[in-house]
Amino acid sequence: HLFDRKNFKCAAAVHYTTESEEKKSILRNLCQSSFVVPNASSFLADRVSDQVDSQNQPLGKPYVLFVGRLTWKKQLDKLIEAFSVVSRRYPEYNLVLVGPDDEGAGTSLRQIAQKKGVNRRVVFLGTKYGDELLVLYRSAAVFILPSISENFGHSAVEAIGIGTPTILSSRLDLLDFEAIRAVVATCDCTPGSMAAAIESVLGNLPFWKKRANRGKLLVRELFDVRAVASKMESKYVDCLRKACVRSRQ
């Protein structure tokens, strides 16, 4: 109220990454002009060498993968509970959690895994980068992002763009994009729904791998750095033109 209210009222436009984010924003009452351009992904998988890419099951067992911060809104407690159900039918799989624990959630998540009897099968890898992370994406049987809220979901774009079968929470704004909806499975933010979605994908992996390969092409068209940069450039030019018109008036 002291500083940014005036900034928003005087802004040429507000940039949102999804239509849902735009619709839910309280800034619509302050700034009349806005536009939607998604975040970009550099798709570092393109630079992974053939030797690295050919590695199979870097953790020794097939796994379900999550990538993101270990925080409450990612619903990882419910994911672990869901995995404890999945593990009865698919005992050969691990659940791999990749990401920083900057809120100290790891301790309680490990306790939940122990309580559910899957502590030896829930693997916490911490933060991974570059080729090491890309190998984890590519080698995963399925990627899941079960967040209760997510204005974009960058890790989901990475997983889909790499060609990994993907499950997304039905609450993700990323599902605004038809290309995303066409190639992913969805789940509600409940252990039962998450478990059912994971079992559905694992039970028909050839089908979901075909979808994932199709999704890889569709998603790259949407979120490639050059394509997004071109859209952003166009929006900046529009803003400058409007500013010039106002200054002449």
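Residues numbered from 1 in each chain as written. Predicted model: local features only at pLDDT ≥ 70, side-chain atom pairs only at ≥ 80, totals over all residues. Heavy atoms only, no water.

1. Focus on the overall build of the protein chain
Part 1: Helix and strand counts for the protein chain stand at 11 helices and eight strands.
Part 2: Across its three principal axes, the protein chain shows a C-alpha extent of roughly 70 × 40 × 30 Å.
Part 3: Sorting the 249 residues of the protein chain into buried and exposed places 46% on the buried side.
Part 4: If you take every contact in the protein chain between residues at least 6 apart in sequence, the share linking residues at least 24 apart comes to 69%.
Part 5: Counting 36 positive and 26 negative side-chain charges, the protein chain places the averaged centre of each group 3 Å from the other. (Helix = DSSP H or I, 4+ residues; strand = E, 2+ residues; numbered from the N terminus. Buried < 20%, exposed > 50% of the residue type's maximum accessible area, 1.4 Å probe, protein only. Contact = heavy atoms within 4.5 Å. Lys, Arg positive; Asp, Glu negative; His and termini not counted. Charge placed at Lys NZ, Arg CZ, Asp CG, Glu CD.)

2. Quick notes on the sheet that holds strand 8 (residues 185–187)
Part 1: The strand order across the open sheet built from six strands is 5-4-3-6-7-8, with neighbouring strands paired in parallel fashion. Of all the strands in the sheet, the pair left with one neighbour each is strand 5 (122–126) and strand 8. Here the average twist between neighbouring strands, direction ignored, is 25°.
Part 2: Two elements, strand 7 (residues 166–169) and strand 8, share three bridges in a ladder whose sense is parallel. Among the inter-strand pairings, Ser169 is bridged to a residue of strand 8, identified as Cys187.
Part 3: Packing of helix 6 (residues 130–139) onto the sheet brings it into contact with strand 3 (63–67), strand 4 (94–98), strand 5 and strand 6 (142–145), and relative to strand 3 it is tilted by some 135°. (Pairing = 2+ DSSP bridges. Axes fitted to C-alpha atoms, helices over the stretch in contact; angles between N-to-C directions.)

3. Description of the packing of aromatic side chains
Part 1: Per the stated rule, a full pass over the model turns up five aromatic pairs.
Part 2: Ring centres 6.0 Å apart and planes at 85° place the aromatic pair Tyr90 and Tyr93 in the edge-to-face group.
Part 3: Ring geometry for Phe152 against Phe223: centres 5.7 Å apart, planes inclined by 85°, an arrangement best described as edge-to-face. Taken together, the positions of Phe152 in the loop between strand 6 and helix 7 (154–162) and Phe223 in helix 10 (residues 205–223) put the pair 71 residues apart, joining distant regions of the chain.
Part 4: One aromatic cluster in this structure is built from Phe152, Phe177 and Phe223.
Part 5: The residue whose ring lies beneath Arg110 is Phe124, and the NZ or CZ to ring-centre distance is 4.1 Å. (Phe/Tyr/Trp six-rings, centres within 6.5 Å; stacked < 30°, edge-to-face > 60°. Lys NZ or Arg CZ within 6 Å of the ring centre and 35° of its normal.)

4. Structural notes on the pairing of strand 5
Part 1: Pairing analysis gives four bridges linking strand 4 to strand 5, with the strands arranged parallel. Within strand 5, the position partnered with Leu95 by the bridge is Val122.
Part 2: In this fold, strand 4 hands off to helix 5 (residues 106–115), which returns the chain to strand 5; that crossover is right-handed. (Right-handed = clockwise from strand over helix to strand, strands pointing away.)

5. Description of the packing of helix 7 against helix 10
Part 1: Contact pair helix 7 / helix 10: the axes reach a minimum separation of 6 Å and the direction vectors enclose 125°. What the angle tells us is that helix 7 and helix 10 run oblique. Within the contact between the two elements, helix 7 uses Val157, Ile160, Gly161 and Ile162 and helix 10 uses Ala212, Gly215, Lys216, Val219, Arg220 and Phe223.
Part 2: Of the residues assigned to the contact of helix 7 with helix 10, the class counts are six nonpolar, two polar and two charged. (Parallel < 35°, antiparallel > 145°, perpendicular 65-115°, else oblique. Nonpolar A, V, L, I, M, F, W, Y, C, P; charged D, E, K, R; others polar.)

6. Notes on the environment of Thr17
Part 1: Note on placement: Thr17 falls in the loop between strand 1 (14–16) and helix 2 (19–24).
Part 2: A residue is classified by how much of its surface remains accessible, and Thr17, at 7% relative accessible area, is buried.
Part 3: Between the alpha carbons of Thr17 and Phe152 there is a distance of 6.7 Å; along the sequence they are 135 residues apart.
Part 4: What Thr17 contacts, discounting residues up to four positions off in sequence, is Val36, Val37, Pro38, Asn39, Asn151, Phe152 and Phe177.

7. Comments concerning the packing of helix 4 (residues 76–89) against helix 9 (residues 191–202)
Part 1: In the contact formed by helix 4 and helix 9, the axes pass within 8 Å of each other and the chain directions differ by 45°. With respect to their mutual orientation, helix 4 and helix 9 come out oblique. Here helix 4 and helix 9 pass one another in a crossing that is right-handed. Across from Lys78, Leu79, Glu81, Ala82, Val85, Val86 and Arg89 in helix 4, the residues of helix 9 making contact are Pro191, Met194, Ala195, Ile198, Glu199 and Leu202.
Part 2: In terms of residue class, the contact of helix 4 with helix 9 is made up of nine nonpolar, no polar and four charged. (Left-handed = near helix turned anticlockwise from the far one by under 90°.)

8. Points about the confidence of the model for the protein chain
The predicted coordinates should not be examined in detail at positions where pLDDT is low.
Part 1: Scored by pLDDT, the protein chain comes out at a mean of 89, with 92% of its residues at no less than 70.
Part 2: Low pLDDT, under 50, characterises residues 47–54; the predicted model gives this stretch seven contacts beyond four residues in sequence or across chains. (pLDDT = per-residue confidence, 0-100.)

9. A closer look at the pattern of salt bridges
Part 1: Using the criterion set out here, one finds eight salt bridges in the structure.
Part 2: Here Asp173 and Lys24 are joined by a salt bridge, their closest N and O atoms 3.1 Å apart. On the criterion of sequence distance, the pair formed by Asp173 in the loop between strand 7 and helix 8 (178–181) and Lys24 in helix 2 is long-range, its members being 149 residues apart.
Part 3: Arg89 is the salt-bridge partner of Glu199, the closest N and O atoms lying 3.5 Å from each other. One end of the pair, Glu199, is in helix 9; the other, Arg89, is in helix 4, and 110 residues separate them in sequence. (Salt bridge = Lys/Arg side-chain N within 4 Å of Asp/Glu carboxyl O.)

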